[in-house]
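Chain residues, written in single-letter form:
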Amino acid sequence: MSEVERLIRYCKVDTQSDPDNENVTPSSEKQFNLAKMLKQELEELGLEDVTLDEHCYVYAWLPSNVEGAAKTVGFIAHMDTAPDFSGTNVNPRIIENYDGNDIVLNEAMVTKVEDFPELKALKGKTLLVSDGTTLLGADDKAGIVSIMEALAYLKNHPEIKHGRIAIGFTPDEEIGNGAKYFDIEKFGADFAYTMDGGTVREISDETFNAASATVTFNGFSIHPGSAKNKMVNAGSIACSYQQLLPEYARPEHTEGRDGFIHLCGMQGSTTHAELNYIIRDHDRNKLEEMKGWMLKAVDFVNAMHGEGTCSIEIKDAYHNMKEVLDEHPDAVKYAFQAYDELSITPLHEPVRGGTDGAELSLRGLPCPNLGVGGGNFHGPYEYCCIEELQQAVTVILTIVQDVAKGE
Ligand SMILES: [Zn+2]
């Protein structure tokens, strides 16, 4: 089972990104260790123009083997692992013929089916897990494996017809910078897929629209013993501002297609206070509506406490990629078609977050996200179902053949 060997090999390379160094790409030098390994393996697989640039992006191309003009399809995965949990000395363990019960990772750590009921569906499958002291790193090394195994298969089966295939491995996805230096022009794909989802059934073509807001409060400080009718406490006003926003729109009360306003940071004193928010919704109009609530609350505070007490700065972050993918339907069409041919029942739900593909789509490379068989990302309970990973390889192989046929 070459997928599992390859996955173990990549998982053992520590590639954790560093949120404290987000102004530099890659944020951690060690991501180059995997990038160099992949560069060499891509060269050995006979890909063309394999490049590793100074920002730790790996690009490679497999030339078309069909006559005429087939579209170029791209596959993208990220090399870094999440900063949330250690990725040092990853020690993966294979569980063959999983019995569907709790998984003992070590003396202190057990993956409980009660907590993760989706494990029940994986009974009888082969799972890869960590030893509980680190994450596994299937997010997104399983994605890299799906792409590399598909390329290895194509090398051994030259009779399989495909158009030009573009490959991109990126750093720093987990700190939101995966697409930052991605060279779309050089990549040259008509459309692409990020291989970075959970279960192989997952196809995501819809993300949140995202904005952030900083709300600032100015107070007036005076000795509290003689403060009557004089002190204006910026900290207190900030607390009431938060109460002016609808409680039902907080993340802890939302799911599915509900958007939210999330207070993710606060600091304050009598003279000055600041609240930091992120705002999310799949529907751009609803996002604008929530921004409107926040602006209205600012006006209300200023009417109560005087002009200049409160101000807000709102910044847009990313947009729902569905707007782009609806205009360029090929990427999603070929994915659904492959799932249909392989009898995989698609799990098609809006992502309650963003993907690198969302940014790439808006910059001109239509790019939905596909699952590769992992679960419980970013922590010690992470696992990868090897049979699903193998299915992800066949999804890639099916897509490239269908695209070459142009049907
Ligand atoms: Zn990922």
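Located above this text is the structure these notes cover.
Small disclaimer: the values here were computed from a predicted structure and weren't measured.

Draft legend 1. Examining the overall build of the protein chain more closely. What the protein chain contains, in helices and strands, is 10 helices and 17 strands. Over its C-alpha atoms the protein chain spans a radius of gyration of 24 Å, differing by no more than 12% from the 22 Å that the globule rule assigns to 407 residues. A total of 407 residues make up the protein chain; the buried ones form 52% of that total. Here the analysis covers contacts within the protein chain between residues at least 6 apart in sequence; of these, 79% occur between residues at least 24 apart. Total accessible area on the protein chain is roughly 18,100 Å²; 48% of this is exposed by carbon and sulfur atoms. Computed over 34 positive and 66 negative side-chain charges, the separation of the two mean positions in the protein chain equals 2 Å.

Draft legend 2. Representation of the environment of Ser240 within the structure. Along the polypeptide, Ser240 turns up in helix α5 (residues 234-244). Residue classification places Ser240 among the partly exposed residues on the basis of a relative accessible area of 38%. Along the backbone, Ser240 and Thr199 are 41 residues apart, and their C-alpha atoms lie at a distance of 42 Å.

Draft legend 3. Quick look at the packing of aromatic side chains. What the rule picks out here adds up to 14 aromatic pairs. Ring centres of Tyr57 and Phe182 lie 6.3 Å apart, and the angle between their planes is 65°; this geometry places the pair in the edge-to-face category. Of this pair, Tyr57 sits in the loop between β1 (48-52) and β2 (58-62) while Phe182 sits in the loop between β8 (165-170) and α4 (184-187), and the two are 125 residues apart along the sequence. Considered together, Tyr57 and Phe182 belong to a single accessibility category, that of buried residues.

Draft legend 4. Looking closely at the packing of α5 against helix α6 (residues 284-305). Two elements in contact, α5 and α6, have axes whose closest approach is 10 Å; the angle formed by their N-to-C orientations is 140°. Of the possible angle classes, the one that applies to α5 and α6 is oblique. Between α5 and α6 the crossing geometry is right-handed. Of the residues in α6, those touching α5 at Ile237, Tyr241 and Leu244 are Met294, Ala297, Val298, Phe300, Val301 and His305. Tallied by class, residues from the contact of α5 with α6 come to 8 nonpolar, 1 polar and no charged.

Draft legend 5. Local environment of the sheet that holds strand β9 (residues 191-197). Read across the open sheet, the 7 strands follow the order β1-β2-β8-β3-β9-β15-β10; overall the sheet is mixed. Strands at the two margins of the open sheet, each flanked by one partner only, are β1 and β10 (203-204). Relative to β2, β1 runs antiparallel, the two sharing 3 bridges. Its bridge partner lying in β2, Leu52 is registered against Val58. Helix-sheet contacts for helix α2 (residues 31-44) involve β1, β2 and β8, and the interaxial angle to β1 is about 170°.

Draft legend 6. A look at the coordination of the zinc ion. Summarising the metal site, the zinc ion is bound by the protein donors His78 (NE2), Asp139 (OD), Asp196 (OD) and Asp196 (OD), whose distances to it range over 1.9 to 2.7 Å. Coordination at the zinc ion is irregular, judged from the 4 donor atoms that bind it and the angles of 52 to 147° they form at the metal. Sequence spacing of the donors to the zinc ion: H-x60-D-x56-D. Residue His78 is located in strand β3 (residues 73-78), and its partner Asp139 is located in helix α3 (residues 138-156); the two are separated by 61 residues in the primary sequence. Of the residues examined, Asp139 reaches a relative accessible area of 6% and is grouped as buried.

Draft legend 7. Broad picture of the nonpolar core. Membership of the largest hydrophobic core comes to 67 residues, with the highest contact counts inside it found for Phe75, Phe169, Tyr193 and Ile399. When residues no more than four places from it in sequence are discounted, the contact partners of Tyr193 are Val73, Gly74, Phe75, Ile76, Asp330, Ala331, Tyr334, Ala335, Cys367, Pro368, Leu370 and Ile399.

Draft legend 8. Spatial organisation of the sheet that holds strand β16 (residues 374-375). With respect to topology, 4 strands assemble into an open sheet ordered β4-β7-β17-β16, the strand pairing being antiparallel. If you trace the sheet from one side to the other, it starts and ends with β4 (93-95) and β16, each paired once. On top of the sheet, helix α10 (residues 386-405) reaches β7 (127-129) and β17 (383-385); it is set at about 60° to β17, its chief contact.

Draft legend 9. Seen up close, the pattern of salt bridges. Per the stated rule, a full pass over the model turns up 13 salt bridges. The salt bridge involving Glu41 is made with Arg9; its shortest N-O contact spans 2.4 Å. Of the two residues, Glu41 sits in helix α2 while Arg9 sits in helix α1 (residues 2-11), which places them 32 residues apart along the sequence. The exposure class of Glu41 is buried, given its relative accessible area of 11%. Note that Lys291 is salt-bridged to Glu288, the shortest N-O span being 3.0 Å. Placement of both Lys291 and Glu288 in helix α6 is noted, with a separation of 3 residues, approximately one turn of the helix. Judged by its relative accessible area of 8%, Lys291 is buried.

Draft legend 10. Local environment of the pairing of β9. Buried residues dominate β9, accounting for 7 of its 7 residues. As paired elements, β3 and β9 share 4 bridges and run parallel to each other. Within the sheet, the bridge partner assigned to Ile76 lies in β9 and is Thr194. Relative to strand β15 (residues 369-371), β9 runs parallel, the two being bridged by 3 bridges. Bridging across to β15, Thr194 finds its partner in Asn369.

Calculation notes
- Residues numbered from 1 in each chain as written.
- Predicted model: local features only at pLDDT ≥ 70, side-chain atom pairs only at ≥ 80, totals over all residues.
- Heavy atoms only, no water.
- Helix = DSSP H or I, 4+ residues; strand = E, 2+ residues; numbered from the N terminus.
- Rg over C-alpha atoms; globule rule 2.2 N^0.38 Å.
- Buried < 20%, exposed > 50% of the residue type's maximum accessible area, 1.4 Å probe, protein only.
- Contact = heavy atoms within 4.5 Å.
- Areas by Shrake-Rupley, 256 points an atom, 1.4 Å probe, with all protein chains shown as cover.
- Lys, Arg positive; Asp, Glu negative; His and termini not counted.
- Charge placed at Lys NZ, Arg CZ, Asp CG, Glu CD.
- Phe/Tyr/Trp six-rings, centres within 6.5 Å; stacked < 30°, edge-to-face > 60°.
- Axes fitted to C-alpha atoms, helices over the stretch in contact; angles between N-to-C directions.
- Parallel < 35°, antiparallel > 145°, perpendicular 65-115°, else oblique.
- Left-handed = near helix turned anticlockwise from the far one by under 90°.
- Nonpolar A, V, L, I, M, F, W, Y, C, P; charged D, E, K, R; others polar.
- Pairing = 2+ DSSP bridges.
- Donors = N, O, S within 2.8 Å, 3.2 Å for Na, K, Ca; no water.
- Tetrahedral: all angles 85-135°; square planar, octahedral: opposite > 155°, others 65-115°.
- Core = buried A, V, L, I, M, F, W, Y, C linked by side-chain atoms within 4.5 Å.
- Salt bridge = Lys/Arg side-chain N within 4 Å of Asp/Glu carboxyl O.

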